[in-house]
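Coordinate inspection notes
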Amino acid sequence: MTSYLIDEILGVTKDPKSKPFLEKALRELGEPVVASEFGELKYQIQTRQIHSPAKYLTTLLKKQLNKIGGEKKKQDLPAPQGKIRTYFEDTQVMLFSSFRPVKEEGDVDQGKMAVPYGKEIIPWATFISASFFTLSTNKAKSDRVLAKFRTLDKEVSIIPLTRGRIKPGDVERGILTAEHAKVLAAIESIWVDQDCPRNKYHSGAVTCFCYVSIRELAKALDWKTFGGKGLNRLTSMVYDLKVMPYYLDLTGLNLKNISGYGFSLLDSVDLAEGKKRGQPETVLKVKFSTPLSVQLLDRHAVSRPKEIAHIHGELAFLIRLFIEPILIGLNGEEYNKTLTDLIKELSLPAAGWHGHKGKRKQIFEKAVKELNKQKTVDGRPMIVSIEKGLYDWMLTAKLGGEEKCLELQTAQIAIQKQ
């Protein structure tokens, strides 16, 4: 049995002889436990000297194996929701340190993830929240919002996020909308379909990339009809993901040698035009940015069904980005949020309807209709409604009954073949 984890661990420990033991640990403990202990190793390497990373990790894993008596039975496989929960970075230090650009120097290993994501899903990087996007009605070219970042140590940081500027005082370049977010989801779907190609450099830099036919992208977005104007607009939206940036103000975290970070979601977009079967054809080579590439390759992503790119309403899309990780974490319990508070959480652009209770209800009810047609990647339906609260209407949401997770089924089959 192999895994992306094996490659990542060996890249850190430089001990290929430990591969059989790592494979055994992965079979018996499961991916989440091994990934957690590997995260502990990386954290300890950053905070203090570890003379033998391989030995340190082996000790951690042996302790876990001893807890379960050295053998894991099939019925002890992780519950379905464990495979679709949000995989956060281990600590705030590791989260923001991993964003630092590394020069693409030295020999390059051109290949694909050892174990790519399942073809049925879109991996959505957990650090990209609804706060990263706005509605098309927002005419501002830049703004500043408060974004929440969570890590596995349960720490939550509220970071000032400037949207539309690469740094404070820079020219305004525009804010990405929920329409752009859907385009990003569709591009990631295509990346998965191509078995997750990536480049690794000797310097430690990593980059994910894929080749995107604009017609293929339109189909991934579930566009039923499209002509030249629509395809040109879609091409422009892909390029927007490269040129409309963000800036994180990290001064409040007191991180060593970094006080701010500016980035885009895509690093580069190259375009080639020609003809295919007599029709004009536009193909893009899309290269993901450092933060997005690192998060995807480290599997700090939540699995979402491909249908998420098919959501029509922008508000419905933003609500889903916001509430889905919360609902998964609640394990069937109900979530409630007043519409006034939800407007603030989503950083929605100022609008007259915000101040009218009846209008708020009317606007959100339209979004809720589409959300009630949505399911999580393991088939659980979203049950969302607008209910009357004490002072305001409230969004009430929970997940319905579970169905077997597609990724879990794949994992079980792989284990049974060992």
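Residues numbered from 1 in each chain as written. Predicted model: local features only at pLDDT ≥ 70, side-chain atom pairs only at ≥ 80, totals over all residues. Heavy atoms only, no water.

Across its full length, the chain carries 14 helices and 14 strands. In the chain, the share of contacts with a sequence separation of at least 24, taken over all contacts with a separation of at least 6, comes to 70%. Of the roughly 20000 Å² of accessible surface on the chain, 50% is carried by carbon and sulfur atoms. (Helix = DSSP H or I, 4+ residues; strand = E, 2+ residues; numbered from the N terminus. Contact = heavy atoms within 4.5 Å. Areas by Shrake-Rupley, 256 points an atom, 1.4 Å probe, with all protein chains shown as cover.)

Let's shift gears to the nonpolar core. Within the largest apolar cluster, 95 residues are counted, with the highest numbers of intra-cluster contacts made by Phe133 and Leu217. The residues contacting Leu217, other than those within four sequence positions of it, are Val183, Ala186, Ile187, Ile190, Val212, Leu234 and Val238. The next biggest cluster of nonpolar side chains, apart from the first, holds 14 residues, and it includes Leu22, Ala25, Leu26 and Leu41. (Core = buried A, V, L, I, M, F, W, Y, C linked by side-chain atoms within 4.5 Å. Buried < 20%, exposed > 50% of the residue type's maximum accessible area, 1.4 Å probe, protein only.)

Under the defined criterion, the tally for this structure stands at twelve aromatic pairs. Ring geometry for Trp124 versus Phe133: centroids 6.4 Å apart, planes at 55 degrees, classification tilted. With respect to burial, Trp124 and Phe133 carry one shared label: buried. Between Trp191 and Phe288 the ring centres are 5.9 Å apart and the planes differ by 50 degrees, which places this aromatic pair in the tilted class. (Phe/Tyr/Trp six-rings, centres within 6.5 Å; stacked < 30°, edge-to-face > 60°.)

It is worth spelling out the sheet that holds strand E10 (residues 279-288) at this point. If you trace the five strands from one edge of the open sheet to the other, you get E1-E5-E6-E10-E9, paired in antiparallel fashion. Edge positions in the sheet fall to strand E1 (108-112) and strand E9 (266-276), since each of these pairs with one other strand and no more. Averaged over all neighbouring strand pairs, the angle between strand axes comes to 20 degrees, with direction disregarded. Here helix H7 (residues 178-193) sits on the sheet and contacts strand E5 (197-201), strand E6 (206-213) and E10; the angle it forms with E6, its principal contact strand, is near 100 degrees. Most of the contacts of helix H10 (residues 290-297) go to E6, to which it runs at about 100 degrees, and overall it touches E5, E6 and E10. (Pairing = 2+ DSSP bridges. Axes fitted to C-alpha atoms, helices over the stretch in contact; angles between N-to-C directions.)

Okay, the packing of H7 against helix H9 (residues 228-243) next. Closest axis-to-axis distance for the H7/H9 pair is 10 Å, and the angle between their directions is 90 degrees. Comparing the axis directions of H7 and H9 gives the class roughly perpendicular. Residues Glu179, His180, Val183, Leu184 and Ile187 of H7 form the contact with H9, whose own contacting residues are Leu234, Met237, Val238, Asp240 and Leu241. Of the residues in the contact of H7 with H9, the class split is seven nonpolar, one polar and two charged. (Parallel < 35°, antiparallel > 145°, perpendicular 65-115°, else oblique. Nonpolar A, V, L, I, M, F, W, Y, C, P; charged D, E, K, R; others polar.)

Once that is clear, we can look at the environment of Thr251. Its place among the elements puts Thr251 in the loop between strand E7 (246-249) and strand E8 (260-263). Separated by 92 residues in the primary sequence, Thr251 and Ile159 place their C-alpha atoms 9.1 Å from one another. Engagement of the side chain of Thr251 in a polar contact is seen with the side chain of Asp249, the distance being 2.8 Å. (Polar contact = N/O pair within 3.5 Å; in protein donor to acceptor, adjacent residues only side chain to side chain.)

In this section: unusual backbone geometry. Of note, the phi angle at Lys14 is positive, near 55 degrees, even though the residue is not glycine. Here Lys14 is to be found in the loop between helix H1 (4-13) and helix H2 (19-29). Assessed through its relative accessible area of 63%, Lys14 is described here as exposed. Positive phi, normally seen in glycine, also occurs at Arg299, with a value near 60 degrees. On the basis of relative accessible area, Arg299 is assigned to the buried category, the value being 10%.

Taken together, three strands build an open sheet; the order of strands is E12-E14-E13 and the sheet is antiparallel. Looking at the sheet topology across the chains shown, the edges are occupied by strand E12 (335-338) and strand E13 (382-388). Averaged over neighbouring strand pairs, the angle between their axes works out to 20 degrees when direction is ignored. Along the sheet face, helix H11 (residues 314-330) touches E12, E13 and strand E14 (393-399) and points at about 55 degrees away from the line of E14. On top of the sheet, helix H13 (residues 357-371) reaches E13 and E14; it is set at about 165 degrees to E13, its chief contact.

Our focus in this paragraph is the confidence of the model for the chain. With 84% of its residues at a pLDDT of 70 or more, the chain has an overall mean of 82. The secondary structure element of the chain with the lowest average pLDDT is helix H5 (residues 80-84), at 34, and the one with the highest is H7, at 97. (pLDDT = per-residue confidence, 0-100.)

Applying the stated criterion across every chain, the model contains 17 salt bridges. In this structure, Glu179 engages Lys182 in a salt bridge whose closest nitrogen and oxygen atoms are separated by 3.1 Å. Of this pair, Glu179 and Lys182 both sit in helix H7, three residues apart, which is roughly one turn of that helix. According to the relative accessible area criterion, Glu179 is partly exposed, its value standing at 26%. Close ionic contact of Asp267 with Lys287 constitutes a salt bridge, the shortest N to O distance being 3.6 Å. In this pair, Asp267 sits in strand E9 while Lys287 sits in strand E10, placing the two residues 20 residues apart along the sequence. (Salt bridge = Lys/Arg side-chain N within 4 Å of Asp/Glu carboxyl O.)

What follows covers the pairing of E14. With five of seven residues buried, E14 is to be regarded as a mostly interior element. Where E12 and E14 come together, four bridges link them in antiparallel fashion. Its bridge partner being in E14, Lys337 is matched across the sheet by Leu395. Pairing of E13 with E14, which is carried by seven bridges, proceeds in the antiparallel orientation. By the bridge assignment, Ile383 is partnered in E14 with Lys398. Adjacent in sequence and paired antiparallel, E13 and E14 are bridged by four residues.

This brings us to the packing of H2 against helix H4 (residues 53-67). Direction vectors running N to C along H2 and H4 enclose 35 degrees, while the axes themselves pass 11 Å from each other. Pair H2 / H4 crosses with left-handed handedness. For the pair H2 and H4, the contacting residues are Phe21, Leu22, Lys24, Ala25, Glu28 and Leu29 in the first and Leu57, Thr58, Leu61, Lys62, Gln64 and Leu65 in the second. Tallied by class, the residues present in the contact of H2 with H4 amount to seven nonpolar, two polar and three charged. (Left-handed = near helix turned anticlockwise from the far one by under 90°.)

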